Amino acid sequence: MATPGAQSLAQDGHGALAGCSRCPRHQLPDRSWHRAQPVPATGKLLGGTPPNPLGSPKCHFCLLAFDVTLGLPDHLSTLLPSRRFSFPSLQCFLHCFSPSSGLCLSFPTSVATNTHMPYLLPPSHPEAYLYRAWLLPSLPESAGGAGRGWQRPQPNMLLAERGCLLLWLLPSILRAWSSTDSRPRSMPCQQSPTKVSCKGVGLQKFPEELGQGIKHLELSNNFIRNLSDSYIPGFGQLEYLDMCCNQLEAVSATTLAQLPQLRSLLLGSNHLDRNFLANGEAFHLLRNIEVLDLSGNNLESHMAGWYISNLTSLRVLDLSRNKMTKLLAGTFRSTPGLRELDLSNNYIMEIQEGAFEPLQKLEVVNLALNSIQCISGFSLTQLRVLNLSHNALELFTSEEGVEPYLLQVLDLSHNRLLYFPELPKVNDLTHLNLSNNLIASLLPGSHRLEDFVLPYKEMGRFNRTVRPAAALSHVADLDLSNNRLELFPFTFFHSLGSLHSLSLAMNCLQEVARESLTNGTESADPSPAPAERTELSVCSLDLHSNALRVLPRWFFDSLPQLETMDLGSNHLQPCEGQGSDQGGDLGGRSHVPAPGDTCTPFYNVPRLKHLSLRENNITRLHPHAFHRTPLLSLDLSGNRDLSVPTGALGGLELSLQELFLRGNQMDESRAALPCLGTLRVLDLAGNRLSALPAGLSCSPLESLDVRNNSLKTLGKLVSRSHRLREVFLAGNPFSCCSLGWLDSLRAAGVAVRDLGDARCSFQDRSWNISAGITSSPRWLCPQPKGTGSLALLVVLVGLSLLSAGAFCLLRRGQKAPGCAGLRSNRVGVSLPHPKGEGPAQERPPDMVTKV
């Protein structure tokens, strides 16, 4: 016997449902709904009532969304082999499922005249994925009104109707599922007449359908696996092909033969190691290729050699990020025109003799991030750039020949060099990076064993008679940071006439030595240098993170071009200079030395513009410490308990633009800043300031950092600094009741960069409240004195007037002294009777004034 639901459908002309009771029974979760009244379509479904967007319910089934991309639910997969049913008259369901997306979508009500859906769960609903195409049957509304709305169906109809409709919908679901899986989800390519970009659009094969005339094609970040037997006649003019970051593992000669004009081929980050024999054979057809990228393909040395064995026109080759362990002698025999070669990030430990001999035009070589231990007999005279950083080099020597070396950039950083490398005497070297090595001496010709730290005895057998400084006449940038140097030998740098930037940071420098030509060192005395003193052309000098305690006067005299100097993390104490008001002759290099002559004179350095003295344990700046030194920026951060008394920055009033006093634990008594008329940037973070220095009133500040201090207010900061553009102020105990300065900042357009982290506090007797400044916590503050009394008086007067008015209204119709009695449209006035007398006699009605 058919269920009630099936009978009602049969009455509507859907007689095929009469046999629904014979469907296999399957336990489904009970998801029937009871509707009290419609709710908005955006209402939450769990625990709520579903809406009815299509009017009164006539259809007896509620279909919820099903996303085929998540796979079929278990209760659907069990019904696959059961039965087949055909319901051609159920047009509403045919329009409900969209074959393009496989989701339950809305449909017009005019399609199904007798039956339509009372409720559809939108596919975008966050709970749509929880229901997975459950068909929830319901009963029509009762005619009598009792139980109106959605009613709980009987158990026997639940199973029968669900099973039948699931079977009827199964073909549509499977078709949508299969169409979704077979169709690649790709974004449209960006195309111009000669250039097409299909980056990251989900392609699984070469786009053969693109138009002709394309010269530039980008297919990177897709899922293309092979270029075998692809028919691409429309790409005969292609010159540039980028297929990096795919899954490419097979390339056929048939495909590459259709690309006769190809000049640049980028195949990085693929799987070309899997079919390298066949692929390499196909690569032999690329006779016109000039740029080839085979990086990140897990290629071994012999594989890489096979791929490039016939590329005679190649100019740029990238073999980085592979598994090459050595360079064979014949690897580059077929690429004589190669100019740029990238072999970085491999496992190269050996370079066979003659490996680079065929490459007479080679200019740039990158061998960084390998395991090379020794470069002996370097003879690539045509090379201009050589990168050997991040290896295990302990030795670098070169051969002297007739031809001059054209080398301009040499990077030997992050190795294990024990001494300065032996460079060719004649070269064009301009940039030399020797940072992060084990170099302990800059004098390879020295005869004193204490100048070297040589862990291997066999190093003594090498001839160290060549002075490397003779080969550095063109060097402009020399980086010797993070080594083991203990002396600063001026004689070594004497022949470096082009040196512009020198870094000796993070070494073990303890003193600056003036060395003689016989490798002897003079004491670092502060006396003036002789007439033939050594002068360096260095403009930028980095000596931070050493152990320097004093720099003598002649040190600055030997650096007449010095503009930038970083002396952070040392132990230097500035000397006291002589101000112009004292009439001292600073031109004679005079100064007031500290006891024991342990201070460094930073005054009267005519070209020094940027000076860093951070973290030098400076506790006090002496007056005029930087007099006649036109500093633009000065960093004194990290000097705990630093005191900057009046006159300490004297002489910088008209030059200093940036001042950094961060993390010094200074209070306002230790920060006596003068009137710096050009100061734009001031960093006072990490101190104990409870008020801003008074000297800021005449500084045209643009950026101010006062984080992590003890400020409760910024006072009249805006009125003092009209050019202020940004402020950092978090970490201060601002008062919630004194935020007028914040209103002034906002009104002036000043950007408070960390306002979201700033907080204020309010204390009242035994409790303390902290709140974010952005939450406008001013309601916590007490009212000003007198405001509360005035408000109370206003309230009392108002209450009195209201009471009087209410009393008069209650006495309406009665005679009350001094009150106006309102009767109809006439007004009668009752006069108060005098003391000791009876009530006054009323006036006759004709004497009453009409209103």
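A. Broad picture of the overall build of the protein. Each helix and strand in the protein was counted, giving 12 helices and 40 strands. Of all intrachain contacts in the protein linking residues separated by at least 6 positions in sequence, the fraction that spans at least 24 positions is 55%. With an accessible surface of roughly 42100 Å², the protein has 53% of that area assigned to carbon and sulfur atoms.

B. Just the pairing of strand β18 (residues 395-398), in detail. Across the two faces of β18 the burial is the same, with Leu395 and Thr397 and Phe396 and Ser398 all buried. Examined bridge by bridge, strand β16 (residues 374-378) and β18 share 3 bridges and lie parallel to one another. Among the inter-strand pairings, Phe378 is bridged to a residue of β18, identified as Ser398.

C. Representation of the state of the cysteines. Applying the stated criterion to the full structure yields 4 disulfides. A sulfur-sulfur separation of 2.0 Å characterises the disulfide bridge that pairs Cys189 with Cys198. Measuring the twist about the S-S bond at about 115°, one finds the Cys189-Cys198 disulfide to be right-handed. Overall, the relative accessible area of 30% leaves Cys189 in the partly exposed class. Between Cys575 and Cys599 runs a disulfide, and the two sulfur atoms are separated by 1.8 Å. On the sign convention where negative means left-handed, the S-S torsion of about 95° between Cys575 and Cys599 marks this disulfide as right-handed. Placement of Cys575 in the loop between β27 (564-566) and β28 (610-612) and of Cys599 in the loop between β27 and β28 is noted, with a sequence separation of 24 residues between them. The exposure class assigned to Cys575 is buried, which follows from its relative accessible area of 1%. Looking at the unpaired Cys245, the closest cysteine sulfur is the one in Cys244, lying at 5.9 Å. A residue is classified by how much of its surface remains accessible, and Cys245, at 35% relative accessible area, is partly exposed.

D. Main features of a nonpolar patch on the surface. A grouping of Val795, Leu796, Leu799 and Leu802 is seen on the molecular surface, where their side chains present a nonpolar patch of about 390 Å² in accessible area. The topology assignment puts Val795 in helix α12 (residues 787-810).

E. Representation of the environment of Lys215 in the model. Along the chain, Lys215 turns up in the loop between β4 (195-197) and β5 (216-218). With 21 residues separating them in the primary sequence, Lys215 and Gly236 have C-alpha atoms 8.7 Å apart. Not counting the four nearest positions on each side in its chain, Lys215 is found in contact with Thr194, Gln237, Leu238, Glu239 and Tyr240.

F. Highlighting the environment of Leu241. Position of Leu241 among the secondary structure elements: in strand β7 (residues 240-242). Judged by its relative accessible area of 2%, Leu241 falls in the buried class. C-alpha of Leu241 to C-alpha of Leu217: the two residues are 24 residues apart in sequence and 5.1 Å apart in space.

G. Representation of the pattern of salt bridges within the structure. Throughout the structure, instances matching the rule amount to 12 salt bridges. Across the pair Lys199 and Glu218 runs a salt bridge whose closest N-O atoms are separated by 3.5 Å. Highlighted residues: Lys199 in the loop between β4 and β5 and Glu218 in strand β5, separated in sequence by 19 residues. Asp683 is the salt-bridge partner of Arg662, the closest N and O atoms lying 2.9 Å from each other. With Arg662 in the loop between β30 (658-660) and β31 (681-683) and Asp683 in strand β31, the pair connects residues that are 21 residues apart, well separated along the chain. Residues joined by salt bridges that share partners form a network here, namely Arg662, Asp683, Asp705 and Arg707.

H. Representation of the side chain of Asn387 in the model. Among the secondary structure elements, Asn387 is positioned in strand β17 (residues 385-387). Under the relative-accessibility criterion, Asn387 is labelled buried at 18%. Reaching out from Asn387, the side chain makes a polar contact with the side chain of Asn366 at a distance of 3.4 Å.

I. Quick peek at helix α11 (residues 740-747). Those residues of α11 that fall on the buried side of the exposure criterion are Trp741, Leu742 and Leu745. Here the buried residues of α11 occupy an arc of 100° about the axis, which is enough to place them on one side. Buried residues along α11 sit in contact with α10 (717-720), β34 (734-735) and β35 (751-752). Directly beyond the C-terminal end of α11, a positive phi value near 80° is found at Gly749.

J. Summary view of the nonpolar core. Ranked by internal contacts, the top residues of the largest apolar core, which has 158 residues, are Phe488, Phe493, Phe555, Phe626 and Leu714. Of all the secondary-structure elements, those providing two or more residues to this core are α6 (276-283), α7 (301-307), β16, α8 (490-493), α9 (553-557), α10, α11 and β36 (759-764). Contacts of Phe626, omitting those with residues within four sequence positions, involve Phe602, Tyr603, Leu611, Leu613, Leu621, Leu631, Leu634, Ala648, Leu649, Gly650 and Leu652.

K. Layout of the side chain of Asn546. When you line up the elements, Asn546 lands in the loop between β26 (540-542) and α9. Residue class for Asn546 comes out buried when judged on its relative accessible area of 9%. At 3.5 Å, the side chain of Asn546 forms a polar contact with the backbone nitrogen of Cys508. Not counting residues within four places of it along the chain, the set of residues in contact with Asn546 comprises Leu504, Ala505, Met506, Asn507, Cys508, Leu509, Ser569 and Asn570.

L. Looking closely at the packing of aromatic side chains. For the structure on display, the rule yields 13 aromatic pairs. An angle of 15° between the planes, with centres 6.1 Å apart, marks the rings of Phe332 and Phe356 as stacked. With Phe332 in the loop between β12 (326-327) and β13 (340-342) and Phe356 in the loop between β14 (350-351) and β15 (364-366), this pair connects stretches of sequence that are 24 residues apart. Under the relative-accessibility criterion, Phe356 is labelled buried at 11%. On the basis of an interplanar angle of 85° and a centroid distance of 5.6 Å, the ring pair of Phe555 and Phe556 is categorised as edge-to-face. Taking relative accessible area as the criterion, Phe555 reaches 0% and is therefore assigned buried. Each member of the aromatic cluster is reached from another via a ring pair, and the members are Phe420, Phe488, Phe492, Phe493, Phe555, Phe556, Phe602 and Phe626. Sitting over the ring of Tyr603, Arg553 keeps its end group 5.6 Å from the ring centre.

M. Looking closely at the environment of Cys245. Here Cys245 shows up in the loop between β7 and β8 (250-251). Taking the C-alpha atoms as reference points, Cys245 and Gly268, 23 residues apart in sequence, are found 6.4 Å from one another. The residues touching Cys245, leaving out its near neighbours within four places in the chain, are Ser220, Asn221, Asn222, Gly268, Ser269 and Asn270.

N. Region of interest: the confidence of the model for the protein. Averaged over every residue, the pLDDT of the protein is 74; residues scoring 70 or more account for 63%. pLDDT under 50 marks residues 445-467. Its contacts with residues more than four places away, or in other chains, come to 38 contacts.

O. Broad picture of α6. If you check which residues of α6 are buried, you get Phe276, Asn279, Gly280, Ala282 and Phe283. Seen end-on, α6 carries its buried residues on one side only, within an arc spanning 160°. Looking at the buried side of α6, the elements it contacts are β8, α5 (253-257), β9 (264-266), β10 (291-293) and α7.

P. Quick look at unusual backbone geometry. For Glu615, which is not glycine, the phi dihedral falls at a positive 55°. As for its placement among the helices and strands, Glu615 is situated in the loop between β28 and β29 (633-635). Positive phi is not limited to glycine here, since Gln665 has a value of about 55°. Tracing the backbone through its elements, the reader meets Gln665 in the loop between β30 and β31.

Conventions used here
- Residues numbered from 1 in each chain as written.
- Predicted model: local features only at pLDDT ≥ 70, side-chain atom pairs only at ≥ 80, totals over all residues.
- Heavy atoms only, no water.
- Helix = DSSP H or I, 4+ residues; strand = E, 2+ residues; numbered from the N terminus.
- Contact = heavy atoms within 4.5 Å.
- Areas by Shrake-Rupley, 256 points an atom, 1.4 Å probe, with all protein chains shown as cover.
- Buried < 20%, exposed > 50% of the residue type's maximum accessible area, 1.4 Å probe, protein only.
- Pairing = 2+ DSSP bridges.
- Disulfide = S-S within 2.5 Å.
- Patch = residues over 30% accessible without salt bridge, like charges linked within 9 Å, V, L, I, M, F, W, Y side chains within 5 Å.
- Salt bridge = Lys/Arg side-chain N within 4 Å of Asp/Glu carboxyl O.
- Polar contact = N/O pair within 3.5 Å; in protein donor to acceptor, adjacent residues only side chain to side chain.
- Arc of directions from axis to C-beta.
- Core = buried A, V, L, I, M, F, W, Y, C linked by side-chain atoms within 4.5 Å.
- Phe/Tyr/Trp six-rings, centres within 6.5 Å; stacked < 30°, edge-to-face > 60°.
- Lys NZ or Arg CZ within 6 Å of the ring centre and 35° of its normal.
- pLDDT = per-residue confidence, 0-100.

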